[in-house]
Protein chains: 2
Amino acid sequence: MQQRIEIFKALSDETRLRILNLFIKTGKNLCVCELMDGLKLPQYTISKALQVLKNINLLKYEKEGTWVYYKLNEDLPENKLLIKFLKAFLQTEVFEEDEKRIADRLSLRENDKCVVGIIPEKELLKLIKDKK
Amino acid sequence: MQQRIEIFKALSDETRLRILNLFIKTGKNLCVCELMDGLKLPQYTISKALQVLKNINLLKYEKEGTWVYYKLNEDLPENKLLIKFLKAFLQTEVFEEDEKRIADRLSLRENDKCVVGIIPEKELLKLIKDKK
DNA sequence: TTAATATATGCTCAATAATGCATATATTTA
DNA sequence: TAAATATATGCATTATTGAGCATATATTAA
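Residues numbered from 1 in each chain as written. Chains lettered and ligands numbered in written order. Predicted model: local features only at pLDDT ≥ 70, side-chain atom pairs only at ≥ 80, totals over all residues. Heavy atoms only, no water.

J.: Sorry, what's going on with the relation of the copies chain B and chain A here?
T.: Both copies of the chain are related through a single rotation about an axis accompanied by a shift along the same axis. Each copy superposes on the other: chain B lies on chain A with an RMSD of 0.0 Å after a rotation of 180 degrees and an axial shift of 0.0 Å. Each copy turns onto its partner about a two-fold axis. Distance from the rotation axis, computed per C-alpha, reaches its smallest value in chain B at B:Phe8: 2.7 Å. Take the interface residues of chain B: 100% of them recur as interface residues in chain A, which is what a same-surface contact looks like. (Least-squares fit on C-alpha atoms with pLDDT ≥ 70 in both. Contact = heavy atoms within 4.5 Å.)

What follows is the structure, encoded as structure tokens:
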């Protein structure tokens, strides 16, 4: 019972829903610094939100050097229904800005790996502009 | 966005999940005093939980005299997916006792209406025993 | 109009969670 | 080994929520 309640608690937060939305919409694994730019939120906010989602096993992660790539834990049978539900539930335009920003940020990947890290917004926008 | 968060907050509570489970499992409308006996919780706890679920439009209600019958708001299109999800999500044995108690309590209805009100447990058990 | 009954709600205290900052950890590179 | 970088976490403050009690409201019946 308590375990089920924890799932809903984890979903009762704007930052965590925005993060989940990006995993769902991009269908990709994402690292902390990419999510920072997608949501325009500080590192510790993203990191703490990820821990909560990991604790309910909705996310899993892989380390690659100092980078940590999180992704939806879609293999876990008990998650299938929930993820399906979330996909429909999050079908709304309120996340559009996040989705645009993460798309731009992901365009900077090389071989589908993050190579940028944490950089000032100004510098980020320049990189993106150059890329286009 | 905030509205969506409120939905998950409303589901992040044991009493409210137990109540929802009874609506889902019985498929019936239920009044406050019946839920009191199903969950063995005080009147104000049930009543407050119902207000929260009503506020997110997951429940609706009908008054009949001093009795108030709540039920799942299944007509509302945006609830269909959520209720479907909850049906599967609450598929667990942890609610068995609640379900037994509400079944007993509902056996005391006449013309499918509550006629018992709020009564001491001892008296309730006697009524149920006599009925059987 | 009074009493009884079903339900709702205001209030206080305790528990829980979010926020923001500072710092810790772990890995890579020089 | 030291510096730099990506990520995680401890802590203090604030905000939110739950529990329990008392009481209010609304309807019915005497």
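J.: Which parts of the structure should I look at to understand the protein's contact with DNA strand D?
T.: By nearness alone, 22 residues border DNA strand D, and A:Gln43, A:Lys48, A:Tyr70, B:Tyr44 and B:Lys48 come closest of all. Backbone atoms, meaning sugar and phosphate, make up 59% of the atoms of DNA strand D lying within 4 Å of the protein. Within the contact set of DNA strand D, a phosphate oxygen lies 3.4 Å away from a backbone nitrogen or oxygen of A:Ile118. Of all the secondary-structure elements, those providing two or more residues to the surface near DNA strand D are helix 3 (32–39), helix 4 (43–55) and strand 3 (67–72) of chain A together with helix 4 (43–55) of chain B. Top element by residues in the surface near DNA strand D is helix 4 of chain A. It accounts for five residues. (Near = heavy atom within 4 Å. Polar contact = N/O pair within 3.5 Å; in protein donor to acceptor, adjacent residues only side chain to side chain. Helix = DSSP H or I, 4+ residues; strand = E, 2+ residues; numbered from the N terminus.)

J.: Please clarify how the protein's contact with DNA strand C should be interpreted in this entry.
T.: In the vicinity of DNA strand C lie 21 residues, with A:Tyr44, A:Lys48, B:Gln43, B:Lys48 and B:Tyr70 positioned nearest. Of all DNA strand C atoms lying within 4 Å of any protein atom, the proportion belonging to sugar or phosphate reaches 57%. A:Arg16 has a polar side-chain atom sitting 3.0 Å from a phosphate oxygen of DNA strand C. Take B:Cys33: an N or O atom from its main chain is 3.0 Å from a phosphate oxygen of DNA strand C. A per-class count over the surface near DNA strand C returns ten nonpolar, seven polar and four charged. (Nonpolar A, V, L, I, M, F, W, Y, C, P; charged D, E, K, R; others polar.)

J.: Explain helix 6 (residues 96–106) of chain A to me, please; I cannot follow it from the model alone.
T.: Residue and element names in this part refer to chain A. Of the residues making up helix 6, those classed as buried are Asp98, Ile102, Arg105 and Leu106. Within helix 6, the buried residues cover an arc of 95 degrees as seen down the axis, which keeps them to one side. The elements touched by buried residues of helix 6 are helix 2 (14–26), strand 1 (30–31), helix 3 and helix 7 (121–131). (Buried < 20%, exposed > 50% of the residue type's maximum accessible area, 1.4 Å probe, protein only. Arc of directions from axis to C-beta.)

J.: Whenever I open this one, the interface of chain B and chain A confuses me. Can you help?
T.: Accessible area lost upon the coming together of the parts is a frequently used measure of interface size. Listed per partner, the contact involves 20 residues of chain B and 20 residues of chain A. In total, about 2100 Å² of surface goes out of reach between chain B and chain A, with carbon and sulfur atoms giving 82% of it. Listed by contribution, the elements that provide at least two residues to the side of chain B that touches chain A are helix 1 (2–11), helix 2 (14–26) and helix 5 (77–89) of chain B. Grouping the constituent residues of the side of chain B that touches chain A by class yields 14 nonpolar, one polar and five charged. (Buried area = accessible area lost by both parts, 1.4 Å probe.)

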